[in-house]
Amino acid sequence: MTQLVLPRGYQPDDEGTHPPLDFAGYKTTALRHPTKPLILLPHRLTEVTGPVFGAERLHNGDDDLTSYAGGEAVGQRIIVHGRLLDSDGHAVPDSLIEVWQANAGGRYRHVNDQWPSPLDPHFAGYGRAVTNADGAYRFTTIKPGAYPWRNHLNAWRPSHIHFSVFGQAFTQRLVTQMYFPDDPLFFQDPIFNSVPDQQARDRMICAYDHSVTTDHWALGFRFDIVLRGRAQTPFESEPDDD
Ligand SMILES: [Fe+2]
């Protein structure tokens, strides 16, 4: 087994920031969490020099989820923006941020999502952007609806947007979920509550941003993503299906 050598200046994550691999209230983690000690796989050339997505890979409109197949998506139009930051609050530029989410009625465009809420023919549910020199990103989308799942009786996921952040290689991908302020469904959601620390949970909730709200157009929300340190955003050990 490879000895883990930590870089100088490395700050360990605060306990309570990230969800455990096995969380009693989140049923599917019982079957999918590892039951043997983790093995550190050394990063070889392939892992650290794999395909990197730069701004040239993006197309016009990739950061706008409100238009698809020749029409406008139904729902509350919102602007979600923020910055990607390191542990010292410095900008992390040139990073690919991908998002995916349910439509305004809480339905994903996915074969496994079959609950009786209509698909929106003009909402695909995914987008991507690259952070600029200030580490800033911005999406225009619609507010996703809550949706039911089978974790427990009358289980509903709070409105959320899934975020993926690529580093300089595939192996550096981080995934999290962004929630909305004052959602009444937090109390019964085991995915949100699998993050042990209340302050860390709060860092998954965006803030209403009136300076970005646009008159007669869209509501604005701010969501900064912090990769390390005491203000770190909670990340999932594997992307949740839900
Ligand atoms: Fe989801």
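Look a little higher up for the structure.
Residues numbered from 1 in each chain as written. Predicted model: local features only at pLDDT ≥ 70, side-chain atom pairs only at ≥ 80, totals over all residues. Heavy atoms only, no water.

**A look at empty space enclosed by the protein**
Stage number 1. Scanning the entire structure with this criterion turns up two cavities of 30 Å³ or more.
Stage number 2. Size it by volume and the second largest cavity reaches roughly 30 Å³.
Stage number 3. Lining the second largest cavity are V80, V99, Q101, F139, T141, I161 and F163.
Stage number 4. At the level of elements, strand 6 (136-142) and strand 9 (160-165) are the ones that each hand at least two residues to the lining of the second largest cavity.
Stage number 5. Residues belonging to the lining of the second largest cavity are distributed by class as follows: five nonpolar, two polar and no charged. (1 Å grid on protein atoms, 1.4 Å probe; cavity = no way out; pocket = protein on both sides within 12 Å on 5 of 7 lines; lining within 4 Å. Points joined across faces, edges and corners; volume = space filled by probe spheres on them. Helix = DSSP H or I, 4+ residues; strand = E, 2+ residues; numbered from the N terminus. Nonpolar A, V, L, I, M, F, W, Y, C, P; charged D, E, K, R; others polar.)

**Digging into the pairing of strand 3 (residues 77-85)**
Stage number 1. Most of strand 3 is tucked away: eight of the nine residues are buried.
Stage number 2. The pairing of strand 3 with strand 12 (residues 219-222) spans four bridges and is parallel. Note that in strand 12 the partner of V80 across the bridge is F221.
Stage number 3. Pairing of strand 3 with strand 13 (residues 225-226) involves two bridges; the strand directions are parallel. For L85, the partnering residue across the bridge sits in strand 13 and is V226. (Buried < 20%, exposed > 50% of the residue type's maximum accessible area, 1.4 Å probe, protein only. Pairing = 2+ DSSP bridges.)

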